[in-house]
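A closer look at the structure
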Amino acid sequence: MKTNETQQIARVLEIFQEIDRTMTINAALAFMYAVEEDGKGGNQQKIEERLGLSNPTTSRIMASWSDWKRPREAGHGMVESIRDPENRRFVLLPLTPKG
């Protein structure tokens with residue numbers, strides 16, 4: 001890996017660290033994958049497949065990126081979680097203006 005690429009990766013990781021110092025690599029990657037797919041069908045399922053995570057784990061990760069991580073615990077407000085109206089088994093994860 002070239003020095004410039006390493007510096008770019010380090011800068012992106014520093015940005016995620018500024019958002020949440022306890023963030024896992026999976027949480028950072030999940031957000032980056034959501035950005036790639038912004039609003040396309042089956043978004044959460046694609047993230048699950050790419051990261052090799054279970055549905056509940058991916059749901060918890062994506063909840064931290066939405067308005068509410070847990071009851072009475074605010075999330076980052078960068079994605080919405082919307083059931084796909086064409087196929088209710090899928091969750092779409094469009095970015096918010098903040099995201």
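Quick caveat: nothing in here was measured; it's all calculated off a predicted structure. (Residues numbered from 1 in each chain as written. Predicted model: local features only at pLDDT ≥ 70, side-chain atom pairs only at ≥ 80, totals over all residues. Heavy atoms only, no water.)

Considering the environment of alanine 63
As a reminder, the rule being used: Note on conventions: DSSP H or I runs of at least 4 residues are helices, E runs of at least 2 residues are strands, and numbering of each starts at the N terminus. Any pair of residues with heavy atoms lying within 4.5 Å of one another is described as a contacting pair.
Within the element layout of this structure, alanine 63 appears in helix H4 (residues 55–65). For the pair alanine 63 and glycine 75, spaced twelve residues apart in sequence, the C-alpha separation works out to 6.9 Å. Not counting residues within four places of it along the chain, the set of residues in contact with alanine 63 comprises Trp68 and Lys69.

Remarks on the confidence of the model for the protein chain
Just so we agree on the cut-off: pLDDT is a per-residue confidence score from the predictor, ranging from 0 to 100.
Residue-level pLDDT values for the protein chain average 87, and 95% of them are 70 or greater. The secondary structure element of the protein chain with the lowest average pLDDT is strand E1 (residues 68–70), at 78, and the one with the highest is helix H1 (residues 3–19), at 93.

Looking at the pattern of salt bridges
For the record, the criterion: Any Lys or Arg side-chain nitrogen found within 4 Å of a carboxyl oxygen on Asp or Glu counts as a salt bridge. Buried residues are those whose accessible area, probed at 1.4 Å on protein chains only, stays under 20% of the maximum for their type, while exposed residues exceed 50% and partly exposed ones sit between those limits.
A complete count under the given rule lists three salt bridges for this structure. Notably, a salt bridge pairs glutamate 14 with arginine 11, separated by 3.5 Å at the nearest N-O pair. Here glutamate 14 and its partner arginine 11 are both found in helix H1, three residues apart, which amounts to about one turn of the helix. Between arginine 50 and glutamate 36 there is a salt bridge; the shortest N-O distance is 2.5 Å. Taken together, the residues span a long stretch of sequence, with arginine 50 in helix H3 (residues 43–51) and glutamate 36 in helix H2 (residues 25–37) at a distance of 14 residues. The exposure class assigned to arginine 50 is partly exposed, which follows from its relative accessible area of 45%.

A closer look at the packing of aromatic side chains
The test is simple: Here a Phe, Tyr or Trp ring, Trp counted by its six-membered ring, pairs with any other such ring whose centre lies within 6.5 Å, and the pair is stacked when the planes are under 30 degrees apart, edge-to-face when over 60, and tilted otherwise.
Taken as a whole and assessed by the stated rule, the structure comprises three aromatic pairs. Measuring from centroid to centroid gives 6.2 Å for phenylalanine 16 and phenylalanine 31, while their planes differ by 80°, and the two rings are edge-to-face. Of the two residues, phenylalanine 16 is situated in helix H1 and phenylalanine 31 in helix H2; the sequence distance between them amounts to 15 residues. A residue is classified by how much of its surface remains accessible, and phenylalanine 16, at 9% relative accessible area, is buried. With a relative accessible area of 9%, phenylalanine 31 lands in the buried category. Every member of this aromatic cluster is reached through a ring pair, and the members are Phe16, Phe31 and Trp65.

Quick word on the packing of H2 against H3
Threshold: Every axis in this analysis is a line fitted to C-alpha atoms, fitted for helices over the stretch in contact. Angles between the N-to-C directions lie between 0 and 180 degrees. Under this scheme an angle from 65 to 115 degrees is roughly perpendicular, one under 35 degrees roughly parallel, and one over 145 degrees roughly antiparallel; angles in between are oblique. For any pair of crossing helices, the crossing counts as left-handed if the nearer helix is rotated counterclockwise from the farther one by less than a right angle, and right-handed if it is rotated clockwise. Each residue receives one of three labels: charged for Asp, Glu, Lys and Arg, nonpolar for Ala, Val, Leu, Ile, Met, Phe, Trp, Tyr, Cys and Pro, and polar for the others, Gly being one of them.
Close contact between H2 and H3 brings their axes to 10 Å; oriented N to C, the two are set at 135°. Here H2 is positioned oblique relative to H3, judged by the angle of their axes. Note that H2 runs across H3; the crossing there is right-handed. Taking contact as the criterion, the partners of Asn26, Leu29, Ala30, Tyr33, Ala34, Glu36 and Glu37 in H2 are, on H3, Asn43, Lys46, Ile47, Arg50 and Leu51. Class assignment for the residues of the contact of H2 with H3 results in six nonpolar, two polar and four charged.

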